[in-house]
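# Survey of secondary and tertiary structure
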Amino acid sequence: MRYFIERNRIRLRRIYWVSLVLVVSAIIVVPLVLGAVNPTVRLPQFHGGPPPELMREWERVTAQARRERGRVNDFVTMVNHMLEEYPFLGVAADASGEDFVDLAMGVYLLLREEARYLLSSAAFIEFVEVHFLSRLRGYGTPRLTREGQELADFILEPYFFGYYDFRFYDDRFAVPVRGGNVASYMLGDGIAYVRVNRFLPKGYELVTRNPFWYFDFDQDRQYLMDFYQNLYGIDDLIIDIRGIGSGFGDYFLPLILEPHMRQPMRGQFYAFHADTFFTARVSRAYREWYGHDGGTSSASALAQDFVYALPENVTRGFPIVIDAQPPGDAAFDGQVWLLTDSENFSGPNFMYLQMARDAGFMIIYQQNPYATGWATSSPRVRGRPHTLSYGVISLRFNPLYFTDAQGRSLEVAGAFYDYPLADVTGEMGAVLADIDGRE
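Right, let's walk through the structure included here. Small disclaimer: the values here were computed from a predicted structure and weren't measured. (Residues numbered from 1 in each chain as written. Predicted model: local features only at pLDDT ≥ 70, side-chain atom pairs only at ≥ 80, totals over all residues. Heavy atoms only, no water.)

## Considerations on the packing of aromatic side chains
By convention here, two paired aromatic rings are described through the distance between centres and the angle between planes. Summed over all chains, the structure comprises 31 aromatic pairs. Here the aromatic rings of Phe248 and Phe252 are separated by 5.2 Å at their centres, their planes lie at 40°, and the arrangement is tilted. Of this pair, Phe248 and Phe252 both sit in helix H8 (residues 248-257), four residues apart, roughly one helical turn. Residue classification places Phe252 among the buried residues on the basis of a relative accessible area of 0%. With a centroid separation of 5.9 Å and 40° between ring planes, the pair formed by Tyr286 and Phe318 is classed as tilted. Taken together, the residues Tyr286 in helix H9 (residues 277-290) and Phe318 in strand E9 (residues 316-324) connect sequence positions 32 residues apart. Judged on exposure class, the residue Tyr286 and its partner Phe318 are both buried. (Phe/Tyr/Trp six-rings, centres within 6.5 Å; stacked < 30°, edge-to-face > 60°. Helix = DSSP H or I, 4+ residues; strand = E, 2+ residues; numbered from the N terminus. Buried < 20%, exposed > 50% of the residue type's maximum accessible area, 1.4 Å probe, protein only.)

## What about the sheet that holds strand E7 (residues 265-273)?
On the basis of which strands lie adjacent, the open sheet formed by four strands has the order E8-E9-E7-E16 and antiparallel pairing. The open sheet has two edge strands, strand E8 (297-298) and strand E16 (401-403), and neither has a second partner. Alignment of E7 against E9, held across nine bridges, turns out to be antiparallel. Looking at E9, one finds that Arg266 is bridged to Asp323. Sitting on the sheet, helix H11 (residues 349-358) touches E7, E9 and E16, and the angle it makes with E7 is about 155°. (Pairing = 2+ DSSP bridges. Contact = heavy atoms within 4.5 Å. Axes fitted to C-alpha atoms, helices over the stretch in contact; angles between N-to-C directions.)

## Here's the deal with the sheet that holds strand E3 (residues 191-196)
Reading across from one edge, E2-E3-E6-E10-E11-E17 is the order of the six strands in this open sheet, with mixed pairing throughout. Of all strands in the sheet, those with a lone pairing partner are strand E2 (182-187) and strand E17 (419-420), marking the two edges. In this structure, E2 lies alongside E3, joined through six bridges in antiparallel fashion. Within E3, the position partnered with Leu187 by the bridge is Ile191.

## With respect to helix H5 (residues 100-114)
The terminal C-alpha atoms of H5 lie 21 Å apart, and with 15 residues this matches the ideal 21 Å at 1.5 Å per residue to within 8%. Inspection of H5 places Phe100, Leu103, Ala104, Val107 and Leu111 among the buried residues, and these make up the whole buried set. The buried residues of H5 occupy an angular sector of 95° when the element is viewed end-on, so they sit on one face. Residues of H5 that are exposed and point more than 90 degrees away from the buried face comprise Asp102 and Glu113. Two or three places before Val101, at the opening of H5, Asp99 has a side-chain oxygen 3.1 Å from that residue's backbone nitrogen. (Expected span 1.5 Å × (residues − 1). Arc of directions from axis to C-beta. Polar contact = N/O pair within 3.5 Å; in protein donor to acceptor, adjacent residues only side chain to side chain.)

## A look at the nonpolar core
Counting residues in each nonpolar core, the largest one holds 91 residues, and the members touching the most others are Met82, Phe132, Ile241, Phe252, Ile256 and Leu338. If one sorts the elements of this core by residue count, H8 sits on top with seven residues. (Core = buried A, V, L, I, M, F, W, Y, C linked by side-chain atoms within 4.5 Å.)

## Considerations on the side chain of Asp220
As for its placement among the helices and strands, Asp220 is situated in helix H7 (residues 217-228). The side chain of Asp220 sits in the buried core without any salt bridge; Arg198 is the nearest counter-charge, 9.7 Å away. Excluding its chain neighbours within four sequence positions, the residues that come into contact with Asp220 are Asn181, Val182, Phe215 and Tyr251. (Lys, Arg positive; Asp, Glu negative; His and termini not counted. Salt bridge = Lys/Arg side-chain N within 4 Å of Asp/Glu carboxyl O.)

## Focus: the packing of H7 against H8
Packing of H7 against H8 brings their axes to within 10 Å, and their N-to-C directions diverge by 25°. In this view, H7 runs roughly parallel relative to H8, as classed from their interaxial angle. For the pair H7 and H8, the crossing hand works out as right-handed. For the pair H7 and H8, the contacting residues are Phe217, Asp220, Arg221, Leu224, Met225 and Tyr228 in the first and Asp250, Tyr251, Pro254, Leu255 and Ile256 in the second. When the residues that make up the contact of H7 with H8 are grouped by side-chain class, the tally is eight nonpolar, no polar and three charged. (Parallel < 35°, antiparallel > 145°, perpendicular 65-115°, else oblique. Left-handed = near helix turned anticlockwise from the far one by under 90°. Nonpolar A, V, L, I, M, F, W, Y, C, P; charged D, E, K, R; others polar.)

## Some points on the packing of H5 against helix H6 (residues 121-131)
Helix-helix packing is described using two parameters, namely the angle between the two axes and the distance between the axes. Contact geometry of H5 with H6 gives a least axis separation of 11 Å together with a crossing angle of 145°. Our pair here, H5 against H6, has a crossing hand that is right-handed. Facing H5, whose interface residues are Leu103, Val107, Leu110, Leu111 and Glu114, H6 presents Phe124, Phe127 and His131. Its residues assigned to classes, the contact of H5 with H6 shows six nonpolar, one polar and one charged.

The values are spatial; any link to function lies outside them.
Below, the structure written as structure tokens:
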């Protein structure tokens with residue numbers, strides 16, 4: 001080795017200096033050449049860390065790409081759930097004149113263009129509502145809601161209403177009662193008025209989720225029975241239930257309908273749904289909550305004598321028989337006026353309102369553009385909701401297709417009434433205007 005070095009010393013020295021010159025030249029020349037190509041890039045940026053401006057731009061572009069992909073995936077997931085489990089695809093298409101798949105495809109293409117600019121989940125919800133859900137005409141109340149993963153599991157159960165929350169029944173927890181659920185007045189000459197705020201007694205604080213009772217059921221029962229039985233000289237009784245969307249079977253039936261019936265009544269209805277994990281869970285929860293014994297049957301078997309056709313994606317169903325029994329002689333002999341709104345006409349509530357009309361109640365209806373609809377079904381799959389955007393947004397809709405005995409969809413038939421509120425005139429109209437003025 002020493003002999004080789006001594007013999008080639010001059011040649012090796014030349015190679016060393018040539019290499020050193022080439023390295024130094026590369027360090028100086030390459031940035032200069034690149035700087036000439038891109039004048040906005042400075043020389044120190046080639047030898048230091050990543051340029052801040054470049055990294056910010058990179059992060060912005062990648063964030064947009066992630067957001068676009070997430071929004072588009074959320075929408076596709078939502079549409080797939082609805083194709084499988086939303087029972088109003090056909091009726092929504094008939095009402096709007098737009099095929100569901102064609103509508104979804106058009107919104108999908110629009111979303112591909114705008115998704116990267118929907119910075120917040122609220123913006124995405126508004127986009128879907130304006131361009132897609134609003135065009136389904138509200139059947140089944142499809143909606144996207146913001147629900148964080150911090151909510152307790154029992155709150156996300158279908159028809160929970162505290163049914164799954166042990167705190168309402170455990171003596172170790174003092175659950176407060178708010179009261180003031182019922183109010184009554186004498187209005188005009190021979191007109192009585194009673195206002196009921198809620199049919200469901202259980203509630204939760206918005207932030208803490210601490211439980212409370214809206215009212216004590218036995219106290220409300222005693223109050224109303226005493227009120228009905230002391231309406232001497234009263235010809236008209238107005239019962240105001242506007243704004244109530246759930247609990248008709250538990251409160252409306254025994255405390256409002258039955259005390260004013262002259263004879264027993266039986267209502268025959270049906271509920272149908274798709275055959276998926278989520279719909280089966282909601283169906284089971286509904287039957288347990290409302291006390292409808294038995295399981296489900298084939299939709300085609302139940303619908304053999306129907307006049308109206310069922311949607312294609314509903315394959316299971318069960319009958320709903322509602323028996324109403326007056327407690328004795330009718331507590332009030334005059335005319336009962338039921339003051340309702342859009343919130344009342346949702347989900348299975350049509351069944352109870354139809355029985356009230358059959359019992360002789362006169363129904364006054366008020367359109368409510370802010371009605372949220374029947375909120376009792378909480379879409380869940382494998383123990384979690386139909387969540388989008390990492391659990392921040394949930395898809396909600398009513399998967400149960402309620403019909404009358406002939407197979408006509410109660411929700412598609414729409415609200416029924418004797419008078420719209422705006423058309424009520426005379427003394428009754430003045431009284432109703434006075435009620436709204438007080439509220």
